[in-house]
Amino acid sequence: MNYKFGLIAKDIKNSVTPLVYQAFAGDLGLEEHFEILNIPEDRLRETLEYARANFNGFNITMPYKQAALPYMDELDESAVKCGSTNTVLVREGKLIAYNTDGWGLIRALADQGIPVKGKRIVMLGAGGVACSIAYNLSVNQAAQVDVVNLFLEQAEALCRKFGAGFTPYPLDYEVLEERCKGADLFINASVMGQIGYDEFQTLSFLDGLVPGAAVFDVNYSNPNSKLVPAALSKGMPAFKGRRMTACQGIRAMAIWTGREPSRDAVEALIARFERMDQEG
């Protein structure tokens, strides 16, 4: 079968998404064609109808992750809980929405032998990606998640959605240091460190994490961001967002084709991403 996949975006350039599905389809012995659709906001509905008629499945990125939901025929629990979709299955003419952002992070950690069940976690950020991560931390039975965010009300709203194990805190470096004491995992799900945004003023909060604690930065737009190199210099397992991107693709392929790529194919793709970052 020749699969047709796509990405609906506004002004994406140089996306790695086609590389993900090219690599995974090749590993599975499938033929695929990938189309990127950069559209203005007033063309979302007609573009979704085009996707319904022409794709087996497609991804959606900002600013359309929430706006697309009213046009879906069915919502997976992940899309309901996260209030957004980034992965859509086209089945028998119906658009079925999923959210795989947080799934990708959990899988990326699990592949490195890092569980979240029963762990104490500090997450910086409370936006759309953070919400998806929070949902998956909840599903995978994290013991405690401290959500630190610049806008406290946003963190409060996220924590109310996922229950007693989630506690909101305002973004302050003293607060961050206090919450990281004894934590097993630090996740940066904010824009901190991305190109065009502020860098961390200090990374001393990493010193409070338990020995062997992991650090995950969902960002990959800035290859010179400081968080992951600082964690690695302290002997911590630390990972950038490219690994999460690859693992999101695992879930999307399973949704669209019913099959997952091999572990070797995933690791080869991540290595390719790392080379691309080094080459600039």
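Note: the structure precedes this text.
Here the residue index of a chain counts from 1 through its sequence in written order. The model is predicted, so local features are restricted to residues of pLDDT at least 70 and side-chain atom pairs to those at 80 or more, both for listing and for counting; the totals for chains, interfaces and linings are taken over all residues. To obtain the side-chain values, all non-hydrogen atoms of the structure were included, while hydrogens and water were left out.

Q: What's the story with the sheet that holds strand β5 (residues 87-91) in this structure? I'm lost.
A: In any sheet, the strands associate via hydrogen bonds between backbone groups, in a parallel or an antiparallel arrangement. Strand pairing is defined by DSSP finding a minimum of two bridges between the two strands. Helix and strand definitions here come from DSSP, where helices need a minimum of 4 consecutive H or I residues and strands a minimum of 2 consecutive E residues; each element is numbered from the N-terminal end. Spatial strand order, β2-β1-β3-β5-β6-β4: six strands in an open sheet with mixed pairing. Edge positions in the open sheet fall to β2 (31-38) and β4 (74-75), since each of these has one partner strand only. Two strands pair when backbone bridges link them, and β5 and strand β6 (residues 94-98) are joined in this way by five bridges, in the antiparallel orientation. In the strand pairing of β6, Val88 is matched with Ala97. Along the sheet, helix α9 (residues 241-257) contacts β1 (2-9), β3 (57-60), β5 and β6; its crossing angle with β5, the most-contacted strand, is approximately 10 degrees. Whether two residues touch is decided by their heavy atoms; if any such pair falls within 4.5 Å, the residues are in contact. Angles shown run from 0 to 180 degrees and are taken between the N-to-C directions of axes, each axis being a line fitted to C-alpha atoms and, for helices, limited to the stretch in contact.

Q: How do you make sense of the nonpolar core when you look at a structure like this?
A: Most often, soluble globular proteins keep nonpolar side chains buried together rather than apart. Counting 58 residues, the largest nonpolar core has Leu105, Met123, Leu137, Val147, Leu158, Phe166 and Ile187 as the members making the most contacts within it. Sorting elements by how many residues they give to this core places α9 first, with eight residues. If we skip the residues at most four places from it in the chain, Leu137 touches Ile106, Val116, Ile121, Ala142, Val145, Phe166 and Ile187. One finds Met192, Val215, Met236 and Ala238 within the second-largest nonpolar core, a separate group that totals 23 residues. Buried residues of nine kinds, namely Ala, Val, Leu, Ile, Met, Phe, Trp, Tyr and Cys, make up a nonpolar core once their side-chain atoms join them within 4.5 Å. Burial status follows relative accessibility: with a 1.4 Å probe on protein chains alone, a residue under 20% of its type maximum counts as buried, one over 50% as exposed, and anything between as partly exposed.

Q: What is the right way to look at the packing of helix α5 (residues 128-139) against helix α6 (residues 152-162) in this model?
A: Each pair of packed helices can be summarised by the angle the axes make with each other and by the distance between the axes. Here α5 crosses α6 at 30 degrees, and the two axes come no closer than 10 Å. When the axes of α5 and α6 are compared, the pair comes out roughly parallel. Relative to α6, the crossing made by α5 is right-handed. Within the contact between the two elements, α5 uses Ala130, Cys131, Ala134, Tyr135 and Ser138 and α6 uses Leu158, Lys161 and Phe162. Polarity classes work like this: nonpolar for Ala, Val, Leu, Ile, Met, Phe, Trp, Tyr, Cys and Pro, charged for Asp, Glu, Lys and Arg, and polar for all others, with Gly in that last group. Here the residues of the contact of α5 with α6 sort into six nonpolar, one polar and one charged. Any angle that falls under 35 degrees is termed roughly parallel, while one over 145 is termed roughly antiparallel, one within 65 to 115 roughly perpendicular, and all others oblique. Each crossing gets its handedness from the near helix: less than a right angle anticlockwise from the far helix is left-handed, clockwise is right-handed.

Q: Would you mind showing me how to read the environment of Ala130 here?
A: With respect to the helices and strands, Ala130 occurs in helix α5. Separated by 87 residues in sequence, Ala130 and Asp217 have C-alpha atoms that sit 11 Å apart.

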